[in-house]
Amino acid sequence: MTVELITTRDYEARTGNRLLAPAKLNEIKVEETSEMLLYEELSRARIRDLEEGVRAQRARSGARAARRWARVARWANRRAERFQA
């Protein structure tokens, strides 16, 4: 058994019926889909911006943490020398 694919345009040409409702429904669907894709793309752009900000903040805080741990290490070294003497 074979099935012949038929488009809406072919169906309308053969039967003389015009299918207006599905065409309008498809137009609405396309508008909703494109609107959803727009919001999705905007949210992805916001997420990328936030991730870039977090990366920059981590780089700054990493240097700050390194300086802080260096101070703690110097303090611990001086304290250890004091108690060994």
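Above: the structure in question.
Below is a short write-up of the structure. (Residues numbered from 1 in each chain as written. Predicted model: local features only at pLDDT ≥ 70, side-chain atom pairs only at ≥ 80, totals over all residues. Heavy atoms only, no water.)

### What to know about the overall build of the protein
Right, so step 1: Check the secondary structure of the protein and you find two helices and zero strands.
Right, so step 2: Evaluated residue by residue, the protein yields a buried proportion of 1% over its 85 residues.
Right, so step 3: Just so you have it, the protein exposes about 8,400 Å², and 57% of that area is on carbon and sulfur atoms. (Helix = DSSP H or I, 4+ residues; strand = E, 2+ residues; numbered from the N terminus. Buried < 20%, exposed > 50% of the residue type's maximum accessible area, 1.4 Å probe, protein only. Areas by Shrake-Rupley, 256 points an atom, 1.4 Å probe, with all protein chains shown as cover.)

### Examining the pattern of salt bridges
Right, so step 1: Across all of its chains, the model carries two salt bridges by this definition.
Right, so step 2: Among the ionic pairs, E40 bridges to R44, the shortest N-O distance being 2.6 Å. Residue E40 and its partner R44 are located together in helix α2 (residues 20-84), separated by four residues, close to a single helical turn.
Right, so step 3: According to the relative accessible area criterion, E40 is partly exposed, its value standing at 33%.
Right, so step 4: Looking at R44, the relative accessible area reads 42%, which means it is partly exposed.
Right, so step 5: Between R48 and E41 there is a salt bridge; the shortest N-O distance is 3.5 Å.
Right, so step 6: Exposure remark for E41: the relative accessible area of 40% places this residue in the partly exposed category. (Salt bridge = Lys/Arg side-chain N within 4 Å of Asp/Glu carboxyl O.)

### Quick notes on a nonpolar patch on the surface
Right, so step 1: A cluster of nonpolar side chains, namely L38, Y39 and L42, defines an oily patch on the protein surface of about 310 Å² accessible area.
Right, so step 2: Following the sequence through the fold, Y39 ends up in helix α2.
Right, so step 3: Accessibility expressed as a relative area gives 51% for Y39, which makes it exposed. (Patch = residues over 30% accessible without salt bridge, like charges linked within 9 Å, V, L, I, M, F, W, Y side chains within 5 Å.)

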